[in-house]
Amino acid sequence: MSHARDAEDARLLASGEYARLLAVYDPVIVQRCVAALKGSLDAEDVAQDVKLRLYRELRGGKTYPVPFRVVVHKVIDWTVKEYFDGRPTDVPVPEGWEPSSEDDSIGPMYVESLIADLPPRDREVAALHLVEGLSPAQIAARLGMHRNAVDQALHRARVKLREALAAHG
Amino acid sequence: MAEDVGRLFDEYATRFARGERPDLRAYLDRAGEARDELARLVETWLCLAPPPEPDEDAIALAEAWLRGEAPLAALRARRGLRRAQVVEALIERFRLDPARRGKVERYYHEVEAGLRLPAQERLLSALADILGVPASLIPSLRPRPLRAQAAFFRAEEPPPDIPPVEESAPPDEVDLLFRERE
């Protein structure tokens, strides 16, 4: 599934707008490290090393066969694993490292795909809530629905999403 | 009492989607025994959810980081604050002895330079109020090391006019505020 985010990332990479690219992914990097380390105060250290590794990749002008988003998550995976293995996390990723679209489960996925088999209206409600961050009241106003119907759709979507996330994770 | 993990996840995910920086550690604490389950849900979610567009602050902080400058200092500058004003605000907020202003300034410089982590909740909260950002953002605002260093290296040495804080004397109120969780 192609996504507007991936297209915009490709444009930012091509035009060298690295600050904007890092600004997009900084909260993802930090929050994923906090989650992976279960809230340990080391999480920001690991996140800093992830950013350094990405910086070295960007500075080296590397190009990738997968969306930059996948590169970010692969570097996080790698760095977190090294942290738990007790290895140094502040060294560059190995020369010649290249994330592949074949060996990752992140590449083709976006959260919308996890709720794809919900009824269309539920899917629309869930996407507005979980992807755009709209409140139930805002969704009701935008879609011309009763608030109760929005709450029920969100409940179904939450159950589905939680099952899908648990299966995926 | 621990809160329902599904509700916590939903609240966290929607706030993240809005471009906020929700304090994940606080959510994990609220989950109680379901802490690990919530952490797994959030981590998987972050792999799959499209990140929100960054605001101008976030881009300016990334630019500072790329230049090797201190993002916290860049944020302070964006707020039109001098370091002395932040120091004064901290002295006032915590009713510190004004005679210890120099020490507060040295400590705060170390925080900006990434040499000291502001782990005390009350200090994070004060800096967040002064700089107008979520407290959970501040620990990640560290400069990019300018050359290869060991993992614990955080930034260049402080300039000669701001000597590092001596830690051999018994800790006073300023030390207790700035030193990492003990």
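Refer to the structure printed above.
These lines cover the structure that appears in this document, whether it is placed above or below. If you're wondering where the values come from, they're calculated on a predicted model, not measured in any experiment.

Calculation criteria
Residues numbered from 1 in each chain as written. Chains lettered and ligands numbered in written order. Predicted model: local features only at pLDDT ≥ 70, side-chain atom pairs only at ≥ 80, totals over all residues. Helix = DSSP H or I, 4+ residues; strand = E, 2+ residues; numbered from the N terminus. Buried ≥ 20, exposed ≤ 12 C-beta atoms within 10 Å, placed from the backbone. Contact = placed C-beta atoms within 7 Å. Nonpolar A, V, L, I, M, F, W, Y, C, P; charged D, E, K, R; others polar. Core = buried A, V, L, I, M, F, W, Y, C linked by C-beta atoms within 7 Å. Axes fitted to C-alpha atoms, helices over the stretch in contact; angles between N-to-C directions. Left-handed = near helix turned anticlockwise from the far one by under 90°. Expected span 1.5 Å × (residues − 1).

All right, on to the overall build of chain A then. Along its length, chain A carries eight helices and zero strands. C-alpha extents for chain A along the principal axes are approximately 55 × 35 × 30 Å. Relative to its 169 residues, chain A shows a buried fraction of 38%. For chain A, restricting intrachain contacts to residue pairs at least 6 apart in sequence, the fraction spanning at least 24 positions comes to 60%.

A common way to state how big an interface is: give the accessible area lost once the parts meet. Contact residues are listed per partner, giving 37 residues for chain B and 45 residues for chain A. Among the secondary structure elements, those contributing two or more residues to the side of chain B that touches chain A are helix H1 (5-17), helix H2 (24-30), helix H3 (35-48) and helix H4 (56-67) of chain B. Ranked by the residues each element gives to the side of chain B that touches chain A, the list is headed by H3(B), at twelve residues. A breakdown of the residues in the side of chain B that touches chain A according to their chemical character gives 22 nonpolar, four polar and eleven charged.

So, about the nonpolar core. Ranked by internal contacts, the top residues of the largest apolar core, which has 89 residues, are A:Ile29, A:Cys33, A:Val72, B:Leu38, B:Val42 and B:Trp45. Ranked by residue count, the leading element in this core is helix H2 (residues 18-36) of chain A, at 13 residues. A:Ile29 has contacts with A:Ala47, A:Val50, A:Lys51, A:Val72 and A:Ile76, leaving out every residue within four places of it along the chain.

As a further point, take the packing of H2(A) against helix H3 (residues 43-59) of chain A. Residues and elements named next belong to chain A. Packing of H2 against H3 leaves a shortest axis separation of 9 Å and a crossing angle of 150°. Taken as a pair, H2 and H3 cross one another with a handedness that is right-handed. For the pair H2 and H3, contact is made by Tyr18, Leu22, Ile29, Val30, Cys33 and Val34 and by Ala43, Glu44, Val46, Ala47, Val50, Lys51 and Leu58, respectively. Residues of the contact of H2 with H3, tallied by class, amount to eleven nonpolar, no polar and two charged.

Below, the discussion takes up H1(B). When the terminal C-alpha atoms of H1(B) are compared, their 18 Å separation across 13 residues agrees well with the 18 Å that a helix rising 1.5 Å per residue should span. Listing the buried residues of H1(B) in full gives B:Val5, B:Leu8, B:Phe9, B:Asp10, B:Tyr12, B:Ala13, B:Thr14, B:Phe16 and B:Ala17. At its buried positions, H1(B) is contacted by helix H6 (120-130) and helix H8 (147-168) of chain A together with H2 and H3 of chain B. Directly after H1(B), the chain includes B:Gly19, whose backbone phi takes a positive value near 90°.

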